[in-house]
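Here is what each chain is made of, one letter per residue.
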Amino acid sequence: AVGPKMSEMAGEVADGLFIHAFATPDYVRHVILPAVERGLAKSGRSRKQFQMIYSGFVADSSDPKALAEARNSVAFYASTPAYVGVLDQHGLGDLQPRLQQLTREGKWKEMAAMISDDVLDLFCISGAPDEIGAGLAERWGDMADQTSLGVEFWNTHQGNRLWSDAAAKLQALA
């Protein structure tokens, strides 16, 4: 879920919620979690009875292709009108309509170029493979009960022993 209404509904009727990849810790802390808590209160449950799963962007910072894929993904999601609230949380709401226009024009490379390193870092945990687990724990450990890395991550890094080792270390944090 990205928006507060869906998050509140999840808190009221579901067992958990996937935190969308196009979310930041600040947005989740100030928008998603309060909405989930309102929903949980309606159903008479506590946060301990509800799973929060982070499904996000990670990239090997030494791999330009991985960083470019993450930048493309952030640009795509940032162009979506329904997700402007996440950008607004960081004073970046004016980025959404400009990216949306580039989407309409099919200018995908230009979209990615509009995502600065600072904006990428809001959404993507990047580093060496052995740093990603600690990055996930640091950024999401107080909010997410589990993490789920997307198919694009595994497709990009499939067969890379460093990532296999990093995944094992991440599982050990659980």
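### Quick notes on a nonpolar patch on the surface
On the surface, a nonpolar cluster with roughly 310 Å² of combined accessible area is contributed by Met6, Met9 and Val13. Note on placement: methionine 9 falls in helix H1 (residues 4–13).

### So, the packing of H1 against helix H2 (residues 25–43)
The contact between H1 and H2 brings their axes to 6 Å, and the two run at 40°. Compared by their axis directions, H1 and H2 come out oblique. Here H1 and H2 pass one another in a crossing that is right-handed. Here H1 contributes Pro4, Ser7, Glu8, Gly11 and Glu12 to the contact with H2, which in turn contributes Tyr27, Val31, Ile32, Ala35, Val36, Arg38, Gly39, Leu40, Lys42 and Ser43. Among the residues forming the contact of H1 with H2, the class breakdown is seven nonpolar, four polar and four charged.

### Overview of helix H5 (residues 95–104)
Buried within H5 are the following residues: Leu95, Gln96, Leu99 and Leu102. The arc that holds every buried residue of H5, seen down its axis, measures 125°, which confines them to one face. Where H5 is buried, its residues meet helix H3 (64–78), helix H4 (84–88) and helix H6 (108–113). Where H5 terminates, the next one or two residues include glycine 106, which has phi positive at roughly 70°.

### A few points about the sheet that holds strand E5 (residues 146–147)
The strands that make up a sheet pair up through hydrogen bonds in the backbone, lying either parallel or antiparallel. If you trace the three strands from one edge of the open sheet to the other, you get E1-E2-E5, paired in parallel fashion. The outermost strands of the open sheet, each flanked by one partner alone, are strand E1 (16–19) and E5. Pairing analysis gives four bridges linking E1 to strand E2 (residues 51–54), with the strands arranged parallel. Bridged to glycine 16 within E2 is glutamine 51.

### With respect to the pairing of E1
Here E1 shows a clear split, with Leu17 and Ile19 buried on one side and none of Gly16 and Phe18 buried on the other. Handedness of the E1-H2-E2 crossover: right-handed.

### Focus: the side chain of glutamine 96
Mapped onto the secondary structure, glutamine 96 falls in helix H5. At 2.8 Å, the side chain of glutamine 96 and the backbone oxygen of serine 79 are in polar contact. Apart from the residues within four sequence positions on either side, glutamine 96 is in contact with Ala78, Ser79, Thr80, Pro81, Val84 and Leu87.

Conventions adopted
Residues numbered from 1 in each chain as written. Predicted model: local features only at pLDDT ≥ 70, side-chain atom pairs only at ≥ 80, totals over all residues. Heavy atoms only, no water. Patch = residues over 30% accessible without salt bridge, like charges linked within 9 Å, V, L, I, M, F, W, Y side chains within 5 Å. Areas by Shrake-Rupley, 256 points an atom, 1.4 Å probe, with all protein chains shown as cover. Salt bridge = Lys/Arg side-chain N within 4 Å of Asp/Glu carboxyl O. Helix = DSSP H or I, 4+ residues; strand = E, 2+ residues; numbered from the N terminus. Axes fitted to C-alpha atoms, helices over the stretch in contact; angles between N-to-C directions. Parallel < 35°, antiparallel > 145°, perpendicular 65-115°, else oblique. Left-handed = near helix turned anticlockwise from the far one by under 90°. Contact = heavy atoms within 4.5 Å. Nonpolar A, V, L, I, M, F, W, Y, C, P; charged D, E, K, R; others polar. Buried < 20%, exposed > 50% of the residue type's maximum accessible area, 1.4 Å probe, protein only. Arc of directions from axis to C-beta. Pairing = 2+ DSSP bridges. Right-handed = clockwise from strand over helix to strand, strands pointing away. Polar contact = N/O pair within 3.5 Å; in protein donor to acceptor, adjacent residues only side chain to side chain.

Remember, this is a structural readout, not a statement about activity or role.
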